[in-house]
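Remarks on the overall topology
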Amino acid sequence: MTINGCFADPKLAPIYEKVIRRERLDRDDGLTLYRSRDLLGVGYLADLVRRRLHGNKAYYIYNQHLNYSNVCVNGCKFCAFGKKADEPGAYEMTLEEIMARIRERLHEPISEIHIVGGLHPDLPFSYYLDMLRGIKALRPGVHLQAFTAVEIAHLADIAGLSVAKTLSALKEAGLGSLPGGGAEVFSPRIRGELCPKKLSPSGWLAVCQTAHRLGLNTNATMLYGHLETLEERVDHLIRLREAQDETGGFLTFIPLAFHPENTQLAELSGTTGFDDLKNLAVARLMLDNFPHIKAFWIMIGPKLAQLSLSFGADDIDGTVIEERITHMAGAQTPQGLSRAQLLHMIREAGCEPVERDTLYNAIPS
Amino acid sequence: MSRLKVIDRILEGRRLDATDALSLWDLDVLTLGRLADLVRRRVHPEPVVTYVVDRNINYTNICTSGCKFCAFYRAPGDPGGYVLDLDSLRQKLAETLAAGGTGILLQGGLNPALPLEFYENLVGFIRGFGLQVHGFSPPEISFLARQTGLSVEDILARLITAGLSSIPGGGAEILSDRVRRAISPNKCTAGEWLQVMGTAHGLGLKTTATMMFGHLETRAERLEHLMRLRDLQDRTAGFTAFIPWTFQPGGTALGGKPAGALEYLKTLAVSRLVLDNFPNLQVSWVTQGAKIAQVALQFGANDFGSTMLEENVVAATGVTFRLSREEIVRLITAAGYSAQQRDHVYRLVGEGGQGLTASCCSSKPLPPTSCRGLGAGCGGREGRSSPRPSPHNTSFPKVAIIARVGAHRDFLARGVEYRGEQRPSTPFGEANPVHVFLHDGVEFAVLSRHGEEGYRVSAPFVNDRANLYALKALGVEKILAWCAPGAINEAMAPGNLVAPHDVLDEGKGGPHTFFPGRGQGFIRHNPVFCPGLRQALIERLADSPFKLHTKAVYVGTTGPRLETPAEIRKFAVLGGDLVGQTLVPEVFLARELELCYAALCYVVNFAEGVKDRPYEPGVLFEGLATAAEVERVREVEAAFADIVLKLLPELAGTERDCPCSRLMERYRRRGDLGEDWRTWFP
């Protein structure tokens, strides 16, 4: 006897059949998975897919985060990071300050610089180009994963260029790929309520797909655990899946757990462990054309990130120093994990740690 | 044993041996979790997760044990040592009650400066607040036995007498002497730990069991721990729950890195699979945090543990997770379970308490406690000074009179032989003093409902439960309630005696059941008053100089205020004859304790509006009673002791062939309540 196909929730059995036959799951399947109380059953299905794609491997990256400015014109309700230019706590780094940050960690084997900021109304396009060029000059081998699709659209406005031309200019200056932020939840209802000024879902997808066509990979995210319904989550995933069918440039899907503290939605509760794991697992099952699912440990804590490797995730990000966006929203997780801690965490989960670069090439140790 | 074989055994519901269990660790975490969840659903088919509202109180951090995994203790003489003072304790208890708490998890260091009386008084003090005491892990009991030279059984019996409700399973660490020698050489041995628990179970105490893992022990040693617990549970069935948690190295001599979430969840699942005779498994959110604790509900756990209004021991390692009751309920609910509050012995509290109890707790009924007679109720609170009858004059009163202020003085004044005062401690707070008399070979007890001086305790603040519990603890079986209502029915004039036959409960007052939120007490009340006692007193008072009414409906109100004219008109329409503030809920509470209970009322006034009476400031009843009526009432009051002494042989001699002594029989048959009533209230 085995328990492989025996589910506490019998509704999972037909989905198990589909997973075994490698059939695409539909919207109803997505909802069934989200609604199931059988967390381990859903996890088991996701784990089947994850093992099929990545075996025992668990990826991590040694990267440096850089949040160059928190000044933002968008004022999204779920954000504890963005500030108006004249608000206390607003900051922007000069290019000199940015280079100092890069220089102070030159001795570390960092393979990626991850750059995200607000939508600054005044900084000129040259600031961004000079930032990329300057960093590349200091660290020629490093991969620059910079500027979400929302920032790219904003930079295109500032530069007075098309998105494609803006991306090309940035690519020439050293841009390697785009992080996946700013997707939030695609539902027009949610965006009207929480971030009406933000780049629209079709705009967000257009920037990503333009990037893909220019040979730039991007990631994709979903901010969950605020006002969205399960239907809206499934629709978000399906829309990403359809875009990926067209351009194929998404590398990694990263669900972002909403942290209510210090946001305009502070009355909401944070996500629970069930929700975090379920969301990763459903994403792994629905996004059959995404190579990677990342459990961003800074969002959900190292303990849950470790467990997530059994729930569909194959990547737990990396040694993040100075991550500011989530911590301003009250994340209780430590600000950095050492490589030794990370390796221990992965091995205890029964996985083989693989240090990767941005494009998931293994970095020989 | 191959991994498939062990899965077969689990699916077939067979017990796992040590070899099977060891092979469990080779399974991946999801398979292990799904197996444990399968077993959890066998034990608890209902999707319910329980939690307890309590407070951790650490009465001292001074400890001679010096365990290497502990960051909480101070050695005697070290700076930073403390023993909790009474004011802080009182404050903590009041906060616990305010938070809806049912008990205290009471633990402390092994402090050689504290005598056994300290512990007894502590327990009595806490019980006085109506809180359960889940207290003293085996190392503390073992230490007390060594300190005092008493046996473990004697120590436990003393603490049970003082009111101890159950024992927490701490200090088990790993029940392997190799490990214990390495991490806590001064703490009790594995054998001693198990012996304390076995003895406690034998005395009727429920206990939990813990395991602290993730330090020096091997997985085989964890299994040794589980097997030893399972063996003892086979013999005693006294464990309510198992609580594994991970060693937190911060600030400890042992150091190292903590076991991760995976190891925690796998160990939890293995525990559920091996401990097939443990009813409950508890998550450890204190060490794992809210997210993993919630996920642990799919790895075999069915209990979220405690709200722990305060936690000091794990916090001393720098790990400080905090969860409110609301947050615990939200986590349970978000995981698809229904959240239900329980007490320290895993009985449900609040709505819907009837269903789960039996499957939650071990089906084996509680054995009666070892305490007999007076011992069960006495002691504790007043320490050594409280008067106790010596063994040679303990023919306990079977009859009690609950009467007006200072009623015992009427018997003292008549020279009735006085056997002394009793102040049994109760789980429901402080009872009024009980005075025992002997008249014509019949012992009887007298308790003043409203206190012994003035009218110190007005009607809504009488602690009926404590008073009745105290009387029952003394051996009382029959109660005559003497009370002074007003008359709605004009035929019942001031100075008349009335033996009411029925009750209309119009009160909104205090605790009206001994079983709040527990399901018991859904019992029939017809006749409301003991038919045997009523018959006896009616026959005996036939030739009384006072007019006796043998039927009346007594309307119980809250007080202390008197009723309004409109209320009295309403009561009259409803068929009420008398109105008063004392018999309700007293009569119903007495019946929950299966006491025979009858009331003898003497009318003190006409109720508001029955007669047209002008308002007279500054006098009793403000003019509601005339001087002539007051005079007649005084005559009856003066005759109180004579009336009681006249009734006494009848009351004492009545056979208890009424239903009163088996009013809770249904709950006994169902296994909810044990044969020994003392086991009804933890």
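Provided above is the structure to which this section pertains.
Conventions adopted
- Residues numbered from 1 in each chain as written.
- Chains lettered and ligands numbered in written order.
- Predicted model: local features only at pLDDT ≥ 70, side-chain atom pairs only at ≥ 80, totals over all residues.
- Heavy atoms only, no water.
- Helix = DSSP H or I, 4+ residues; strand = E, 2+ residues; numbered from the N terminus.
- Rg over C-alpha atoms; globule rule 2.2 N^0.38 Å.
- Buried < 20%, exposed > 50% of the residue type's maximum accessible area, 1.4 Å probe, protein only.
- Contact = heavy atoms within 4.5 Å.
- Lys, Arg positive; Asp, Glu negative; His and termini not counted.
- Charge placed at Lys NZ, Arg CZ, Asp CG, Glu CD.
- Pairing = 2+ DSSP bridges.
- Axes fitted to C-alpha atoms, helices over the stretch in contact; angles between N-to-C directions.
- Buried area = accessible area lost by both parts, 1.4 Å probe.
- Salt bridge = Lys/Arg side-chain N within 4 Å of Asp/Glu carboxyl O.

1. Some thoughts on the overall build of chain A
- A count of helical and extended segments in chain A gives 15 helices and ten strands.
- Over its C-alpha atoms chain A spans a radius of gyration of 20 Å, differing by no more than 12% from the 21 Å that the globule rule assigns to 365 residues.
- Its C-alpha atoms give chain A principal-axis dimensions of about 65 × 45 × 40 Å.
- Within chain A, buried positions represent 61% of all 365 residues.
- Taking all contacts inside chain A whose residues are at least 6 apart in sequence as the whole, residues at least 24 apart take part in 76%.
- With 39 positive and 44 negative side-chain charges, chain A shows a spacing of 3 Å between the two charge centroids.

2. Focus on the sheet that holds strand β7 (residues 250-257) of chain A
All names here are of chain A.
- If you walk across this open sheet you meet the seven strands as β2-β3-β4-β5-β6-β7-β8, and the pairing is parallel. Strand pairing shows two members of the sheet lacking a second neighbour, β2 (63-66) and β8 (292-293), which therefore form its edges.
- Where strand β6 (residues 217-224) and β7 come together, six bridges link them in parallel fashion. Note on β7: the bridge partner recorded for L223 is L256.
- Along the sheet, helix α10 (residues 230-247) contacts β6 and β7; its crossing angle with β6, the most-contacted strand, is approximately 170°.

3. Quick notes on the interface of chain B and chain A
- Taken residue by residue, the interface counts 36 residues in chain B and 33 residues in chain A.
- Here chain B packs against chain A, burying approximately 2900 Å² in sum over the two surfaces, 64% of which is carbon and sulfur.
- Per-residue buried area on chain B facing chain A is highest for B:L30, B:R34 and B:K291; these three make up 27% of the total on that side.
- Put simply, chain B and chain A have one salt bridge between them.

4. Looking at the pattern of salt bridges
- Under the defined criterion, the tally for this structure stands at 51 salt bridges over all chains.
- Between A:R27 and A:D235 there is a salt bridge; the shortest N-O distance is 2.6 Å. Here the residue A:R27 occupies a position in helix α2 (residues 27-35), and A:D235 occupies one in helix α10, the gap between them amounting to 208 residues.
- B:E117 is paired through a salt bridge with B:R158; the nearest N and O atoms lie 3.5 Å apart. Within this pair, whereas B:E117 is found in helix α5 (residues 116-127), its partner B:R158 is found in helix α7 (residues 152-162), the two being separated by 41 residues in sequence.
- Overall, the relative accessible area of 28% leaves B:R158 in the partly exposed class.
- Salt bridges here are not isolated pairs; linked through shared partners, they connect B:E594, B:R662, B:E665, B:R668, B:R669 and B:E675.

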